[in-house]
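# Topology and contacts: notes
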Amino acid sequence: MTTTTTYIAFLRAVNVGGRTVRMERLRALFTELGLADVRSYIQSGNVFFTTEGSAAAPERAALTARIEEHLEQSLGYPVPVMLRTVDEVAGLLAAEPFRGVEVTPDVRLLVAFLSEPLPPELARPHRSARGDVELIGADPGAAYLVIHLRDGKWVTKDVFGKAYRGSVTSRFLHTTAKILAAARKP
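Computed from a predicted structure; not experimentally measured.

Strands sit in the order β2-β3-β1-β4 across an open sheet of 4 strands; the sheet is antiparallel. The sheet terminates laterally at β2 (36–40) and β4 (81–85), the two strands that pair on one side only. Each adjacent strand pair in this sheet contributes to an overall mean axis angle of 25°, direction not counted. In the sheet, β2 pairs with strand β3 (residues 46–52) via 3 bridges, with the strands oriented antiparallel. Each bridged residue has a counterpart across the sheet, and for S40 the counterpart in β3 is V47. Here helix α2 (residues 57–75) sits on the sheet and contacts β1 (4–11), β3 and β4; the angle it forms with β4, its principal contact strand, is near 140°.

Our next topic: the nonpolar core. L11, F30, F49, I67 and L71 are the most contacted members of the largest nonpolar core, which has 22 residues in total. Those elements giving two or more residues to this core turn out to be β1, α1 (23–32), β3, α2 and β4. Contacts of I67, omitting those with residues within four sequence positions, involve F30, L33, L35, F49, V81 and L83. Counting residues in hydrophobic clusters, the runner-up holds 21 residues, among them I8, M82, A90 and L93.

Time to look at the layout of surface pockets. The volume enclosed by the largest pocket comes to roughly 610 Å³. Lining the largest pocket are 27 residues, with R12, W154, V168, T169 and S170 sitting closest to its centre. Sorting the residues of the lining of the largest pocket by element identifies β5 (107–114) and β9 (168–172) as the ones contributing at least two each. With 5 residues, β9 is the single largest residue contributor to the lining of the largest pocket.

Calculation rules
- Residues numbered from 1 in each chain as written.
- Predicted model: local features only at pLDDT ≥ 70, side-chain atom pairs only at ≥ 80, totals over all residues.
- Heavy atoms only, no water.
- Pairing = 2+ DSSP bridges.
- Helix = DSSP H or I, 4+ residues; strand = E, 2+ residues; numbered from the N terminus.
- Axes fitted to C-alpha atoms, helices over the stretch in contact; angles between N-to-C directions.
- Contact = heavy atoms within 4.5 Å.
- Core = buried A, V, L, I, M, F, W, Y, C linked by side-chain atoms within 4.5 Å.
- Buried < 20%, exposed > 50% of the residue type's maximum accessible area, 1.4 Å probe, protein only.
- 1 Å grid on protein atoms, 1.4 Å probe; cavity = no way out; pocket = protein on both sides within 12 Å on 5 of 7 lines; lining within 4 Å.
- Points joined across faces, edges and corners; volume = space filled by probe spheres on them.

Written as structure tokens, this is what we have:
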């Protein structure tokens, strides 16, 4: 019996810093890999697709590598990919990682999708040197950040420092919920 897995690919470095790609082209690149039911959501690099096979670590790592290699060859620059199943993203949101955090006009809630777990030596909770970013928790696939805007700006961009060698791409909590809702639509 074969299983079908629905993934959400959270892409880093898409449509930022002069690296633009139309979503139609991005969907075509995923389709070229033989992935099915390919769709995208907003311009920030969120792609949904189904594939035959397990979501287990070895299969996921091989699929991630295939996608990253194809995107780099086609676009001319590396695009780190964080693959999560729809159920994993639903579980992340259901766990309410920001429960108890007071949201004000100067506070943003951010889910940082990780290519590998944070190193154990990175203490949790942790605050950036400037105090504007707070790491309130993490699991192997994501870190949960509270951003305290300063004069309406998010100052610190690298909260993990040199201790973390993996790739990270972030989405606001409310955007993550919208991405999940879109991925669940047929």
